[in-house]
Amino acid sequence: MKDQVFIPDAQRSGRAEPMATREGKLKHVIESQQFTVPLLMELFDRSRGMERVVERGGTLDYQNRIMATLFYTPSTRTRLSFEAAMQRLGGRVVSTEHAREFSSEIEGENVEDTIHIVGSYSDVIVIRHHEEGGAKRAAQVSHVPVINAGDGDGGQHPTQALLDLYTIYRERPLDGLSVAIIGELDKGRTARSLAYLLAKFERVKICFVSPPELQMKPDILEYLEGHGVRYELEPDIDRIIGEVDVVYQTRIRPERVTGLRSPQQYAINSAVLRKMKPDALILHPLPRTVELDKSVDEDPRALYFRQAVNGLYVRMALLTMLLDKE
Amino acid sequence: MKDQVFIPDAQRSGRAEPMATREGKLKHVIESQQFTVPLLMELFDRSRGMERVVERGGTLDYQNRIMATLFYTPSTRTRLSFEAAMQRLGGRVVSTEHAREFSSEIEGENVEDTIHIVGSYSDVIVIRHHEEGGAKRAAQVSHVPVINAGDGDGGQHPTQALLDLYTIYRERPLDGLSVAIIGELDKGRTARSLAYLLAKFERVKICFVSPPELQMKPDILEYLEGHGVRYELEPDIDRIIGEVDVVYQTRIRPERVTGLRSPQQYAINSAVLRKMKPDALILHPLPRTVELDKSVDEDPRALYFRQAVNGLYVRMALLTMLLDKE
Amino acid sequence: MKDQVFIPDAQRSGRAEPMATREGKLKHVIESQQFTVPLLMELFDRSRGMERVVERGGTLDYQNRIMATLFYTPSTRTRLSFEAAMQRLGGRVVSTEHAREFSSEIEGENVEDTIHIVGSYSDVIVIRHHEEGGAKRAAQVSHVPVINAGDGDGGQHPTQALLDLYTIYRERPLDGLSVAIIGELDKGRTARSLAYLLAKFERVKICFVSPPELQMKPDILEYLEGHGVRYELEPDIDRIIGEVDVVYQTRIRPERVTGLRSPQQYAINSAVLRKMKPDALILHPLPRTVELDKSVDEDPRALYFRQAVNGLYVRMALLTMLLDKE
């Protein structure tokens, strides 16, 4: 494991609004690279604990706390997952499904004022914003913790990456892992966030599988190089599918694949299943379309529905880390 | 009463996903014909109990349980009724008002995956789906109970029919009842669901009153014939209004009535009131338009606002039947 | 103080549905002029108490009560403020963000039936309606208390005015106050509601600052005259800004300002700040656009974010006044 010194990346960069307090307590969740390995381990320990809490029927420990979910663009599943997490903790929720359409008709309305106001009657804010950087701008003015539930097309979705990583972690050691990340990666918010997290661990190897025109953007590749993480860019799924420990599949919109290629070349189906390692793990952030065949659902290596359950635990754990007084 | 043997219709037909467990415990609520008379009587007993629970200010017995309301098309009143029912039980709610518009923009997105995911962080799912059969497809893959809150135009709305029947049951014996069901019945989801339920009882007579081109569809009529229920099709409200015990009025959209007829011919107003039995019951699922005049509201025979209150009790009772461990 | 006799204005006018019971208990909150000074003082005392309740982490005293928020047009901040208030009291919420779009597709659907139905499964209804008078119509048929959260363009928004007044009250005596109300006042729902409230107090002076074509409408001016309140109409902010105790700024949409004027002439910025009294109070109902510069935020006289917090306390207090049994 790397980054054993307990200073989040965000703080190193000297940003005005630190993502964690000086004592290392988590303050906001904005981008996955802010998590150090010790913070990840604390999160995963707490997530394990939450599995037991849910088994026992939840807790009422947070029944005086209010979470506000501000979704500027709708995402039913992510929003409901956060809201269920808060409710399993006994907490309360105030929510908007589609703030961008439903908010004030006045132009010039800004996210900063909204956060100021909503933060005055809630204890934590979960925000999905249509602009890259929207969540960070929110955190910079907020008096209460802010969680990024997805910002822009090319931004991040850190809690998705955290639950992805937790799902892998529950199955095998993270150090030494080889991971294929497949899809239209240039716009892959979850793929980007996961790559940042994987870079925290030792001897990880990432293979980005995508048509060349949709490959992972240079900022991530430079980050990996800077952190000494091995990666390769691969247009052909068949060349790597038999060698990786984890297959992280993401969507490919047919209209974005051009030329002689087709999305089917990147799909996981029963033929591809046969080439994979017998103990490989198959993840997908869902929703899916042609890139992940329904026939895969019955395969014991398929973990994507487990990811949804783990999302509940990880989000519960994050909320407790943000809400607990020192 | 018929159907004393405690096997729901759904199971008789050998459907893969039974609507009740072998022991008769209710598993999903998808269509009204799945309810046997004993199950109806259990539901109505519980509903009576819920009247007392609400009088005492609700209960907290279900405070660790989460209900997800997935409304693919909006229906504010039905949704709020379910959510209030869950809250009066002390339970929690996660909700979407308009999932069809707000869900993933990806084509190929399917209700089965959504149910799989939402079911991983909730204890019961209430679904309104724009396609006929949407709720049944949901139930077939769900690990938690599913309640149909309306599917498609020609589908069902079983909890509406259950609260309709409960409202009648609170006033008089169901065996031997004569009922007029009025409106544009070919697209009458609530009328269809109620007809299935009435067929469970002895010596019931149903009179379907509608312009011929909007009459009840053959599938229901065949079901009634198969179950030995007397019915008649009648285009003229005046010919039957003085003879029935229950008038179940539903909407008639003016644009659907053609030729020499007008929706006013099927309306209930003070003139029609004078022709009705002095102890008749007037029901309407609401919302209403021209077919039910406001002047009827003061008439003691008008029960449609009582139906709304009863809806709360019946939905509370259903939720307890689905959530209670054996 | 005036109006010491404990009879709300609403009752004096002999309206069928009184806004308070004969004993003076608050029954509905529809328009700000229904509040007498004693009722305002009770509200403000309770609001002070709510500050302490929130400090202690809220209460569970109202955990069996359900508030329905029916927003026919969306207003995320107002709705979330009410919902957080109810939750801080331990209460439950059922909610619709956009009932006008999401309610029944049937024409002729009326707010009265909806209120009847929703009132049968909730204990208090908060309504925002797109038509002036919508909330009053709701109150006239409702069996549970109704709160107006804004009706129409030229209607009222009484809870905003109550929190505005409370924010001033927390800083200084209301009798003898001089207040500038600035903006496009002909459509200023919050400005109108505040003017009604200020008229309850002694020796208040109001200066309405607006381009002449957007000035406050005659009905308010007549009300002020009838209650012996001094006011003036002023097109030039500079002529009065140095003399008032309170500056109540509201939005000015650029497209509504014509001729030689510009919205900037009515804006509060650092230049205007220098001319204001050193102990003036600056309020704004938010959201803002050009009429209130961000540079004002750091000024100790700026109270508009305090207003948001006070909104929580005032709404909590109102809810207890409506929900408490005698």
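Residues numbered from 1 in each chain as written. Chains lettered and ligands numbered in written order. Predicted model: local features only at pLDDT ≥ 70, side-chain atom pairs only at ≥ 80, totals over all residues. Heavy atoms only, no water.

Re the overall build of chain A
What chain A contains, in helices and strands, is eleven helices and nine strands. For chain A, with 326 residues in total, the buried portion stands at 67%. Residue pairs at least 24 apart in sequence account for 73% of intrachain contacts in chain A once pairs closer than 6 positions are excluded. Accessible area for chain A stands at about 11,600 Å²; split by element, carbon and sulfur atoms hold 47% of it. (Helix = DSSP H or I, 4+ residues; strand = E, 2+ residues; numbered from the N terminus. Buried < 20%, exposed > 50% of the residue type's maximum accessible area, 1.4 Å probe, protein only. Contact = heavy atoms within 4.5 Å. Areas by Shrake-Rupley, 256 points an atom, 1.4 Å probe, with all protein chains shown as cover.)

Some thoughts on the interface of chain A and chain C
On the chain C side, the residues contacting the 32 residues of chain A number 32 residues. Between chain A and chain C the total buried area reaches about 2,600 Å² when both faces are included, carbon and sulfur atoms providing 56% of it. Along the contact surface separating chain A from chain C lie two salt bridges. Arg88(C) is the partner of Asp123(A) in a salt bridge, and the nearest nitrogen-oxygen pair spans 3.2 Å. Summed over the shared surface of chain A and chain C, the result is twelve residue pairs in polar contact (both at pLDDT 80 or more). (Buried area = accessible area lost by both parts, 1.4 Å probe. Salt bridge = Lys/Arg side-chain N within 4 Å of Asp/Glu carboxyl O. Polar contact = N/O pair within 3.5 Å; in protein donor to acceptor, adjacent residues only side chain to side chain.)

A look at the relation of the copies chain A and chain C
For the pair chain A and chain C, the superposition axis carries a translation of 0.0 Å, the fit reaches an RMSD of 0.0 Å, and the rotation angle comes to 120°. Look at the turn and shift together and you get a three-fold axis relating the two. Closest approach to the rotation axis within chain A is made by the C-alpha atom of Glu97(A), at a distance of 4.8 Å. Little of the interface of chain A is mirrored in chain C, where only 16% of its interface residues again form contacts. (Least-squares fit on C-alpha atoms with pLDDT ≥ 70 in both.)

Topic: the interface of chain A and chain B
Across the contact, 32 residues belong to chain A and 32 residues belong to chain B. Counting the surface lost from both chain A and chain B, the interface buries some 2,600 Å², and carbon and sulfur atoms represent 56% of this. Summed over the shared surface of chain A and chain B, the number is two salt bridges. Between Asp113(B) and Arg288(A) there is a salt bridge, with its nearest N and O atoms 2.6 Å apart. In this assembly, chain A and chain B are joined by twelve residue pairs in polar contact (both at pLDDT 80 or more). Put simply, the parts of the chain that give the side of chain A that touches chain B at least two residues each are helix H3 (76-88), helix H4 (99-102) and helix H11 (304-323) of chain A. Its residues assigned to classes, the side of chain A that touches chain B shows eleven nonpolar, eleven polar and ten charged. (Nonpolar A, V, L, I, M, F, W, Y, C, P; charged D, E, K, R; others polar.)

Thoughts on the relation of the copies chain A and chain B
Between chain A and chain B, the superposition needs a rotation of 120° and an axial shift of 0.0 Å, giving an RMSD of 0.0 Å. Taken as a fraction of all interface residues of chain A, those also at the interface in chain B reach only 16%, which identifies the copy contact as different-surface.

Looking at the pattern of salt bridges
Two side chains bearing opposite charge may form a pair once their charged atoms approach each other closely. The tally for this structure, following the rule as stated, stands at 66 salt bridges over all chains. Note that Asp123(A) is salt-bridged to Arg65(A), the shortest N-O span being 3.8 Å. In this pair, Asp123(A) is assigned in the loop between helix H5 (111-118) and strand E3 (124-129) and Arg65(A) in the loop between helix H2 (37-55) and strand E1 (66-71), connecting sequence segments 58 residues apart. Since its relative accessible area comes to 17%, Asp123(A) is described here as buried. When the shortest N-O distance is used, the salt bridge between Glu31(B) and Lys136(B) registers 3.4 Å. Residue Glu31(B) is located in the loop between helix H1 (9-12) and helix H2 (37-55), and its partner Lys136(B) is located in helix H6 (residues 134-141); the two are separated by 105 residues in the primary sequence. Since its relative accessible area comes to 24%, Lys136(B) is described here as partly exposed. Residues joined by salt bridges that share partners form a network here, namely Glu184(A), Asp186(A), Arg253(A) and Arg256(A).

Here we look at the packing of aromatic side chains
Using the criterion set out here, one finds 18 aromatic pairs over all chains in the structure. Directly above the aromatic system of Phe82(B) lies the positively charged group of Arg315(B), at a separation of 4.6 Å from the ring centroid. (Phe/Tyr/Trp six-rings, centres within 6.5 Å; stacked < 30°, edge-to-face > 60°. Lys NZ or Arg CZ within 6 Å of the ring centre and 35° of its normal.)

Focus on the domain arrangement of chain A
Residues and elements named next belong to chain A. Structurally, chain A comprises domain 1 (10-156 + 308-323) and domain 2 (172-302). Between domain 1 and domain 2, the C-alpha centre-to-centre distance is 27 Å. With 16 residues of domain 1 at the interface, the matching set in domain 2 holds eleven residues. Taken together, the two surfaces of domain 1 and domain 2 that pack against each other cover about 1,300 Å², and 55% of this comes from carbon and sulfur. At the junction of domain 1 and domain 2, the tally comes to zero salt bridges. Summed over the shared surface of domain 1 and domain 2, the number is five residue pairs in polar contact (both at pLDDT 80 or more). Mapped onto the side of domain 1 that touches domain 2, the elements with two or more residues apiece are H2 and strand E4 (146-151). The biggest single contributor to the side of domain 1 that touches domain 2 is H2, with four residues. When grouped by side-chain class, the residues that make up the side of domain 1 that touches domain 2 number five nonpolar, seven polar and four charged. (Domains from an automatic or database assignment.)

Things to note about the sheet that holds strand E5 (residues 178-182) of chain B
All names here are of chain B. Reading across from one edge, E7-E6-E5-E8-E9 is the order of the five strands in this open sheet, with parallel pairing throughout. This sheet does not close on itself; its edge strands, each paired only once, are strand E7 (230-234) and strand E9 (281-283). With strand direction ignored, the average angle separating the axes of adjacent strands in the sheet is 15°. As judged from the three bridges shared by strand E8 (residues 246-249) and E9, these two strands associate in the parallel manner. (Pairing = 2+ DSSP bridges. Axes fitted to C-alpha atoms, helices over the stretch in contact; angles between N-to-C directions.)

Digging into the packing of helix H5 (residues 111-118) of chain C against helix H6 (residues 134-141) of chain C
Residue and element names in this part refer to chain C. Between H5 and H6, the least distance of the axes is 9 Å, while the angle of their chain directions is 50°. It follows from the interaxial angle that H5 and H6 lie oblique. Like other packed secondary-structure pairs, H5 and H6 cross with a definite hand, here right-handed. Facing H5, whose interface residues are Val111, Glu112, Ile115 and His116, H6 presents Arg137, Ala138 and Val141. Grouping the constituent residues of the contact of H5 with H6 by class yields four nonpolar, one polar and two charged. (Parallel < 35°, antiparallel > 145°, perpendicular 65-115°, else oblique. Left-handed = near helix turned anticlockwise from the far one by under 90°.)

Here's the deal with the sheet that holds strand E6 (residues 205-209) of chain C
Residue and element names in this part refer to chain C. Pairing in this open sheet of five strands is parallel, and the strands run E7-E6-E5-E8-E9 from one edge to the other. Two strands close off the open sheet at either side, each with one partner strand: strand E7 (230-234) and strand E9 (281-283). Between one strand and the next, the sheet's axes are offset by a mean angle of 15°, whatever the strand orientation. Contacts from helix H7 (residues 158-169) reach strand E8 (246-249) and E9, with the element oriented near 165° to E9.

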